[in-house]
Amino acid sequence: MNFQIVDLSIQKPHPILRHYGSRWTIADALKVRTDDPTTTLPPIAQNFPVMDDKVLIWDTGALRDIHGRTVTFKGWHVMWSLAATCISHADSNIAQEWQSRNNSAFIGYWYSRDGLAWTWGGRLLQQSADLRPWEWSGSLVMREGTDATLDMFYTSCGYADTARTDFESVVSVSTGTIRSDETGVWFDGFSTTTEMFQADGVNYANEAEDAYWDFRDPHIFRNPDDGRIYALFEGNVPGMRGDFIIGDREMGPVPPGYQVGSGAQYGAAAIGIARLKEGAYEQGAFSGENWELLPALITSLGVNDQTERPHAVFRDGLTYIFTISHHSTYSGGLQGPDGLYGFVSRDGIFGPYVPLNGSGLVLGNPSSQPYCTYSHFVDPQGYVQAFINTVPAPVPAPDNPATYRIGGTLMPTVRIALNGEQTFLTEVHGYGQIFAQSAWPVSNTPDARQVAS
Ligand code: FRU
């Protein structure tokens, strides 16, 4: 007879964590259906247009106000994107450049007159702002009460040492001023970075607990209920990686005889929230002492290890939280497509939340193109924007069954109807199209460009 010695001392929940927020349970995730027409993105044509031949872009967001509305500035539409420069999208090395893009990611920007045809503006942050090698996702927000101040909340990350053993990921902000004339948009400032907060190992897993921890992608908003400023971000449940017990609360109402799949305890995603001190936003006082890390709003123990780029939409008295997740980060044998997931609360930002559509899936890639699009962002009108990742060839070459085209540009914008606990795909628009909901209230006087002497 074989005896297995189980160390029960490690099979306990994290001693400090008292609050798991609302749960995305295994029972919820068992309802995920790939290719349901109401929650599946349209396939992308192989001949999709590229916004700029010299740049690969992925996570993207429109300039917005603190209430989440997409805004224009003096008639200009503006977007930020994570970017890596390239020789050309047609270059033979493009797949490799795309695979390694995270190692050179910077935040760039686009501007457009009509929200459809975009001009690449280059870097948004000056290089002097970089405290670490890479700039990862966040949000670009017009500062309320100002006429042209912008805050780029983002993730300052990368290896702090050349041996690449010490990965740091700090939620940060850089501030600047938007300028424009009849020919385009540019910025002043964005020359320094303020660190806001990082994983504390108490409310959110840090590197000591979980070598694969995620802590990034700040989304800043004013909560309509209490008027306070909050940040949502991607995190993980605190505790030693893999030490979680997947019990009844994580499983939810599963079918009779359901057995938790092996490796389920490695799924530990958390949607995090932090609160800014009263009065600090108006002064642009974003440094660490002004933030309070609060327990996670939604956790996915036993289900999935990553819920990225979480963002809030306030509609019809309901609070929606959308996030993006991968097929590859599901745990315990659960399955679901790469795409957009979401939750809704009837009682404000602190929940409780239920998964949208019963399962949490809002828009998945079709099974014919499983990795086609990613990093979906929903605005308060239900428009959803994302980037094209890889589009498989309709008829793969016999000697290379994996033939695909690299994206690095925006997909057609789609729209979803938000009907309480249900969502429906209802509209498909142009590639990269942005619909502004309001204009930033400033005079139309063009700014003077500084001419180098
Ligand atoms: C989502 C994401 C973000 C991160 C960025 C890095 O696509 O993984 O969480 O900030 O991409 O490229």
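Residues numbered from 1 in each chain as written. Predicted model: local features only at pLDDT ≥ 70, side-chain atom pairs only at ≥ 80, totals over all residues. Heavy atoms only, no water.

The protein chain goes by Levansucrase in an unreviewed UniProt entry, where it is assigned to Tanticharoenia sakaeratensis NBRC 103193. The record in UniProt for the protein chain states the following under Sequence similarities (unreviewed entry): "Belongs to the glycosyl hydrolase 68 family." (UniProt positions renumbered as here; feature names shortened; annotations may be inferred.)

Draft legend 1. A look at the sheet that holds strand E15 (residues 291-299). The mixed open sheet is built from five strands, whose spatial order is E1-E15-E14-E13-E12. Every interior strand has two partners, whereas the edge strands, strand E1 (22-23) and strand E12 (216-222), have only one. Where strand E14 (residues 269-276) and E15 come together, six bridges link them in antiparallel fashion. Pairing of Leu276 across the sheet is with Trp291, part of E15. (Pairing = 2+ DSSP bridges. Helix = DSSP H or I, 4+ residues; strand = E, 2+ residues; numbered from the N terminus.)

Draft legend 2. Representation of the nonpolar core within the structure. Among the nonpolar cores identified, the biggest contains 127 residues, and Ile178, Phe197 and Phe322 are the most heavily contacted of them. Not counting the four nearest positions on each side in its chain, Phe197 is found in contact with Val170, Val171, Phe215, Ala231, Phe233, Ala274, Trp291 and Leu293. (Core = buried A, V, L, I, M, F, W, Y, C linked by side-chain atoms within 4.5 Å. Buried < 20%, exposed > 50% of the residue type's maximum accessible area, 1.4 Å probe, protein only. Contact = heavy atoms within 4.5 Å.)

Draft legend 3. Representation of the site of the ligand. Surrounding the ligand, one finds 13 residues, the nearest of these being Trp58, Asp59, Asn102, Asp217 and Glu308. A distance of 2.7 Å separates an oxygen atom of the ligand from a polar atom in the side chain of Trp58. Glu308 is positioned with one of its side-chain polar atoms (N or O) 2.7 Å from an oxygen atom of the ligand. Notes on the ligand: free accessible area 320 Å², of which the protein chains cover 93%. Among the elements of the structure, strand E2 (55-62), strand E7 (134-142), E12 and strand E21 (373-378) are those that each provide at least two residues to the shell around the ligand. Of the residues belonging to the shell around the ligand, the class tally is five nonpolar, three polar and five charged. (Near = heavy atom within 4 Å. Polar contact = N/O pair within 3.5 Å; in protein donor to acceptor, adjacent residues only side chain to side chain. Areas by Shrake-Rupley, 256 points an atom, 1.4 Å probe, with all protein chains shown as cover. Nonpolar A, V, L, I, M, F, W, Y, C, P; charged D, E, K, R; others polar.)

Draft legend 4. Representation of the UniProt feature "site: Transition state stabilizer" (unreviewed entry) in the protein chain within the structure. Within this structure's numbering, the places UniProt gives as "site: Transition state stabilizer" (unreviewed entry) are Asp217. With respect to the helices, strands and loops of the structure, Asp217 is situated in strand E12. Overall, Asp217 belongs to the buried group, its relative accessible area being 5%. In contact with Asp217, other than residues within four places in its own chain, are Ser137, Gly138, Thr155, Leu232, Phe233, Glu234, Glu308, Arg309 and Pro310.

Draft legend 5. Representation of the sheet that holds strand E6 (residues 119-123) in the model. Taken together, four strands build an open sheet; the order of strands is E2-E4-E5-E6 and the sheet is antiparallel. With one partner strand each, in any of the chains shown, E2 and E6 form the two edges of the open sheet. When the angles between neighbouring strand axes are averaged without regard to direction, this sheet yields 35°. Strand direction decides the pairing type here: strand E4 (residues 77-85) and strand E5 (residues 106-112), joined by seven bridges, are antiparallel. Residue pairing for E5: Ser81 is matched across the bridge by Gly108. (Axes fitted to C-alpha atoms, helices over the stretch in contact; angles between N-to-C directions.)

Draft legend 6. Structural context of the UniProt feature "binding site: Ca(2+)" (unreviewed entry) in the protein chain. On the UniProt side, "binding site: Ca(2+)" (unreviewed entry) is annotated at positions that read Asp210 and Asp305 here. Their sequence span is 96 residues, while the largest C-alpha to C-alpha distance among them is just 11.0 Å; these annotated residues converge on one region. Following the sequence through the fold, Asp210 ends up in the loop between strand E11 (194-197) and E12. For Asp210, the contacting residues outside a window of four places in its chain are Ala205, Asn236 and Arg241. By the element assignment, Asp305 lies in the loop between E15 and strand E16 (308-315). Given the relative accessible area of 12%, Asp305 is considered buried. In this structure Asp305 touches Asp214, Asn236, Arg241, Tyr266, Gly267, Ala268, Ala269 and Thr329, once residues within four positions along its chain are discounted.

Draft legend 7. The arrangement of the environment of Gly364 in detail. The topology assignment puts Gly364 in strand E20 (residues 361-364). Spatially, the C-alpha atom of Gly364 lies 8.2 Å from that of Tyr341, the residues being 23 residues apart in sequence. Apart from the residues within four sequence positions on either side, Gly364 is in contact with Thr39, Thr40, Leu41, Pro337, Asp338 and Gly339.

Draft legend 8. Molecular detail of the packing of aromatic side chains. Counting across every chain of the model gives 32 aromatic pairs. When the centroid spacing of 5.9 Å and the interplanar angle of 80° are considered together, the rings of Trp24 and Phe343 count as edge-to-face. With Trp24 in the loop between E1 and helix H1 (26-29) and Phe343 in strand E18 (residues 339-345), this residue pair connects regions lying 319 residues apart in the sequence. For the pair formed by Trp24 and Phe343, the shared burial category is buried. Pairing Phe167 with Trp213 gives two aromatic rings, centres 6.0 Å apart and planes at 75°, and the pair type is edge-to-face. (Phe/Tyr/Trp six-rings, centres within 6.5 Å; stacked < 30°, edge-to-face > 60°.)

Draft legend 9. Highlighting the pattern of salt bridges. Overall, the coordinates contain 25 salt bridges when judged by the stated rule. For Glu144, the salt bridge identified is with Arg222, shortest N-O distance 2.9 Å. With a gap of 78 residues between them, Glu144 in the loop between E7 and strand E8 (149-159) and Arg222 in strand E12 connect regions that are remote in the sequence. Taking relative accessible area as the criterion, Glu144 reaches 30% and is therefore assigned partly exposed. (Salt bridge = Lys/Arg side-chain N within 4 Å of Asp/Glu carboxyl O.)

Draft legend 10. Here's a closer look at the confidence of the model for the protein chain. Mean pLDDT over the protein chain stands at 93; residues scoring 70 or higher make up 93%. For the stretch residues 1-18, pLDDT sits under 50, and the model shows 17 contacts to residues farther than four places along the chain or on other chains. (pLDDT = per-residue confidence, 0-100.)

Draft legend 11. Seen up close, the environment of Pro310. Examined against the element boundaries, Pro310 turns out to sit in strand E16. Considered as a pair, Pro310 and Thr39 are 271 residues apart in the sequence and their alpha carbons are 18 Å apart. When sequence neighbours within four positions are dropped, the list of residues in contact with Pro310 reads Asp217, His219, Leu232, Phe233, Glu234, Ile271, Ile321, Phe322 and Thr323.

Draft legend 12. Region of the structure containing the pairing of E16. Burial analysis of E16 places six of its eight residues in the buried class, the great majority of the element. Relative to strand E17 (residues 318-325), E16 is paired through six bridges, and the arrangement is antiparallel. The partner of Arg315 across the bridge, within E17, is Leu318. Hairpin remark: E16 followed by E17, antiparallel, with two residues in the connecting loop; positive phi at Asp316, about 55°.

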